[in-house]
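Observations on the model geometry
Okay, here's what each chain looks like letter by letter:
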Amino acid sequence: MAKVTGIGGVFLKCKGDSNALASWYEKHLGMSLESFGGCVLKWPDDKANDDGMTVWALADKNSQWFSPSESSFMINYRVDDLLALIEQLKAENIDLVAGPESHENGKFAWIMDPDGNKVELWEPKLWDERNKP
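This report concerns the structure included in the present document. Note that the coordinates shown come from a computational prediction; the quantities given were computed from them, not determined experimentally.

1. Thoughts on the pairing of strand β3 (residues 106-112)
- Burial within β3 is extensive, with five of its seven residues counted as buried.
- As paired strands, strand β2 (residues 96-103) and β3 are joined by five bridges and run antiparallel to one another. Note that in β3 the partner of His 103 across the bridge is Gly 106.
- Between β2 and β3, which follow one another and run antiparallel, lie two residues.
- Across seven bridges, β3 lies against strand β4 (residues 118-124) in antiparallel orientation. Each residue of the ladder has a partner; that of Gly 106, found in β4, is Pro 124.

2. Examining the nonpolar core
- Grouped together as the largest cluster of nonpolar side chains are 17 residues, with contacts concentrated most on Tyr 25, Leu 29, Tyr 77, Leu 89, Ile 111, Val 119 and Leu 121.
- Elements supplying a minimum of two residues to this core: α1 (18-29), β1 (75-78), α2 (82-91), β3 and β4.
- In terms of nonpolar packing, the next biggest core, distinct from the first, is built from five residues, Phe 66, Met 74, Phe 108 and Trp 122 among them.

3. Looking at the packing of aromatic side chains
- Within the structure shown, the criterion is met by five aromatic pairs.
- Relative to Tyr 25, the ring of Trp 24 lies with its centre 5.0 Å away and its plane at 80°, an arrangement referred to as edge-to-face.

4. A word on the side chain of Glu 123
- Following the sequence through the fold, Glu 123 ends up in strand β4.
- Of the side chains bearing the opposite charge, Lys 107 lies closest to the buried Glu 123, which forms no salt bridge; the N-O distance is 4.1 Å.
- Separated by 2.8 Å, the side chain of Glu 123 and the backbone nitrogen of Leu 82 make a polar contact.

5. Let's talk about the sheet that holds β4
- Ordered by their spatial adjacency, four strands build an open sheet running β1-β4-β3-β2, and the pairing between neighbours is mixed. Two strands close off the open sheet at either side, each with one partner strand: β1 and β2. Each strand of the sheet is rotated relative to its neighbour by a mean of 20°, with strand direction disregarded.
- In this fold α2 packs onto β2, β3 and β4, with an angle of close to 20° to the strand it touches most, β3.

6. As for unusual backbone geometry
- Here Ser 67 and Pro 68 are connected by a cis peptide whose omega angle stands at 10°.
- Note that Pro 68 resides in the loop between α1 and β1.
- The omega torsion across Gly 99 and Pro 100 is 5°, close enough to zero to call that bond cis.
- Even without being a glycine, Asn 93 presents a positive backbone phi close to 60°.
- Tracing the backbone shows Asn 93 in the loop between α2 and β2.

Reading the values: rules and limits
Residues numbered from 1 in each chain as written. Predicted model: local features only at pLDDT ≥ 70, side-chain atom pairs only at ≥ 80, totals over all residues. Heavy atoms only, no water. Buried < 20%, exposed > 50% of the residue type's maximum accessible area, 1.4 Å probe, protein only. Helix = DSSP H or I, 4+ residues; strand = E, 2+ residues; numbered from the N terminus. Pairing = 2+ DSSP bridges. Core = buried A, V, L, I, M, F, W, Y, C linked by side-chain atoms within 4.5 Å. Phe/Tyr/Trp six-rings, centres within 6.5 Å; stacked < 30°, edge-to-face > 60°. Lys, Arg positive; Asp, Glu negative; His and termini not counted. Salt bridge = Lys/Arg side-chain N within 4 Å of Asp/Glu carboxyl O. Polar contact = N/O pair within 3.5 Å; in protein donor to acceptor, adjacent residues only side chain to side chain. Axes fitted to C-alpha atoms, helices over the stretch in contact; angles between N-to-C directions. Contact = heavy atoms within 4.5 Å.

Here's what the structure looks like:
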């Protein structure tokens, strides 16, 4: 049987000016825009031990996971230094919705983008001989 092998892209329909929203992601989250207006994220740029995996999951219809966003989705962006990024965001007057939190697979924090989408920021845990599962 043919099957899905990964996420090929993430595409958002903007509520307002798509160029302004793309610029917001570039300025505040460091997502370099290409000439076509989008960002190409390459796994070799990610230094985590999981080789850059992507998680796909569904939330129950009553889930509050995406709150306070009213969107039916939330994108998790892998980051290289969550605490440094949080400091940058605070300096740019972008408030955290929650976090930072540490979990068994890394550190997380959440913000809202200008379109009202909740954005999950994740710094994957780096494994070594002391904390290897």
